[in-house]
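A look at the structure
Here is how the chains run, residue by residue.
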Amino acid sequence: MTIFIFISSLLGLMALGMPIAFALIGCGLALMYYMGFTDPQIVVQNMWDGANSFPLLAVPFFMLAGEFMNAGGMTRRIIHMAMAWIGHIRGGLGYVAVGAAVIMASLSGSAVADTAALAAVLVPMMRKAGYEVNRSCGLIACGGIIAPVIPPSIAMILYGVTGGVSITKLFIAGIVPGLLMGVAILLAWRWCIGRDPIVTEPKRSTAERLAATRQSLWALVLPVVIIGGLKFGWFTPTEAAVMAAMYSLLVGMFVYREIKLNQLFALIYRAAETTAIIMFLVSAAGVSAWLITTANIPQQLAALVEPLMDNKMLLTFALMVLVLLVGTALDFTPTVLIMTPVLMPVLKQAGIDPVYFGVLFIMNNAIGLVTPPVGTVLNVVCGVAKIPMSGAIKGVIPFMVAQTIVMFLLVVFPQIVMWPLEMMSR
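The structure displayed is predicted, hence computed values, not measured ones. (Residues numbered from 1 in each chain as written. Predicted model: local features only at pLDDT ≥ 70, side-chain atom pairs only at ≥ 80, totals over all residues. Heavy atoms only, no water.)

Before going further, it helps to spend a moment on the overall build of the chain. Each helix and strand in the chain was counted, giving 21 helices and zero strands. For the chain, the C-alpha radius of gyration of 22 Å lies close to 22 Å, the compact-globule estimate for 426 residues. Counting only C-alpha atoms, the chain reaches 70 × 50 × 50 Å along its principal axes. The buried share of the chain, taken over its 426 residues, is 56%. Restricting the contact set of the chain to residue pairs at least 6 apart, pairs at least 24 apart contribute 80%. As presented, the chain carries roughly 17,900 Å² of accessible surface, and 69% of it is formed by carbon and sulfur atoms. Averaging the locations of the 22 positively and 16 negatively charged side chains of the chain gives two centres separated by 15 Å. (Helix = DSSP H or I, 4+ residues; strand = E, 2+ residues; numbered from the N terminus. Rg over C-alpha atoms; globule rule 2.2 N^0.38 Å. Buried < 20%, exposed > 50% of the residue type's maximum accessible area, 1.4 Å probe, protein only. Contact = heavy atoms within 4.5 Å. Areas by Shrake-Rupley, 256 points an atom, 1.4 Å probe, with all protein chains shown as cover. Lys, Arg positive; Asp, Glu negative; His and termini not counted. Charge placed at Lys NZ, Arg CZ, Asp CG, Glu CD.)

Here you go:
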């Protein structure tokens, strides 16, 4: 009964148009009422506890880093470098989109920001070259959702804090799955373009390629420093976020000289605005998480999936299907914050590694960013490209299917996810 009250009150409040953060608090109050007590002090205390976490300080700094990278010219130089090396190949602009998406994912960790930047630059070029616009937008959208999987990832920070999982291990374990997502959509793109009448870009000279690479070196160094620093224990994920923000600011101001002093307030304000939304969601989720535990909802869910408890692969597959369905209705951050405290006790009881499951969970939620009807990233690319949602949905299907297949293959072959951790532990 408690599961029914939790789900029905949450979905009911959302259906009435209530913002998700308030809906989370509201479903928490509904659970409190059902259990026979209503105490506002508990609500306030758990909201405070939900956001009172040192690792969550990484969120505003990674947001800042993303703003500084876009404004400072890092993003544009990465796209220019990819164009110089592979833009001349048939379908080259699609390969450029995926290559740039992977590199940008290792810098900012924000799917929405990466997609907007890629779409703004590449969609006009792809239109002019004769690429089918809906398919191009679908590719860019699926390239953008690699960002939450490849470190540094804001989503992994939220999952790690909510579930009590090592963020450093999540970052390292996300590298290979993120790259596989990129390979999957590259193969799908190669298959899709078929015999389309595409105008290829002229091949660049070696000197032009080297010049474009030199201009991008400042951006390319950052992910190496972050992953290396985390591996060798030089800094924590939060300190890595601070370093990324400072590095991108200094490069944008003093190396590329594209960030001016009068722009700083607007950039910091935008990062603070996005951070406030995320942190309020985290606070509200603290209320529902406490009540989920108090109402024994994880134990009830464990009882429902008890027939699958002895088969880790089958249980993981079933949970992935569940998350995939939830992701079509809920946005990324609420799904992570709501489902993590529900699923974590089930994972522990079944003996499933929370780092391994966390990577698949984040991949699954990332795919949810391009699935209708919510599809936040799909909405972003539609807005930038000025195309109807129906066209974007048609264009995204082959790439979304390719990434979903990769996710379920990783359910069957978990060693692929854990391999980097095993290598680095030696």
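Once that is clear, we can look at the side chain of serine 216. With respect to the element layout, serine 216 can be found in helix 12 (residues 206-231). For serine 216, the side chain forms a polar contact with the main-chain oxygen of alanine 212, separated by 3.1 Å. Apart from residues no more than four positions distant in its own chain, serine 216 is found in contact with Arg77, Ile78, Met81 and Tyr256. (Polar contact = N/O pair within 3.5 Å; in protein donor to acceptor, adjacent residues only side chain to side chain.)

Quick look at helix 14 (residues 264-294) now. Taking 1.5 Å as the rise per residue, helix 14 with 31 residues should run 45 Å; its terminal C-alpha atoms sit 45 Å apart, in good agreement. One or two residues past the end of helix 14 sits asparagine 296, with phi positive at roughly 60 degrees. (Expected span 1.5 Å × (residues − 1).)

The omega torsion across proline 151 and proline 152 is 0 degrees, close enough to zero to call that bond cis. Following the sequence through the fold, proline 152 ends up in the loop between helix 8 (133-144) and helix 9 (154-163). Phi at arginine 257 is positive, roughly 55 degrees, even though this residue is not glycine. Along the chain, arginine 257 turns up in the loop between helix 13 (237-255) and helix 14. Residue arginine 257 is classed as exposed on the basis of its relative accessible area, which comes to 60%.

This part covers the pattern of salt bridges. A complete count under the given rule lists three salt bridges for this structure. Glutamate 67 serves as the salt-bridge partner of arginine 270, at 3.2 Å between the closest nitrogen and oxygen. With arginine 270 in helix 14 and glutamate 67 in helix 4 (residues 58-72), this pair connects stretches of sequence that are 203 residues apart. A salt bridge links glutamate 258 to arginine 77; the shortest N-O distance between them is 2.9 Å. Here glutamate 258, found in the loop between helix 13 and helix 14, pairs with arginine 77, found in helix 5 (residues 74-86); they are 181 residues apart in sequence, far enough to count as distant. Exposure remark for glutamate 258: the relative accessible area of 22% places this residue in the partly exposed category. A cluster of three or more residues bridged by salt bridges with shared partners is formed by Arg76, Arg77 and Glu258. (Salt bridge = Lys/Arg side-chain N within 4 Å of Asp/Glu carboxyl O.)

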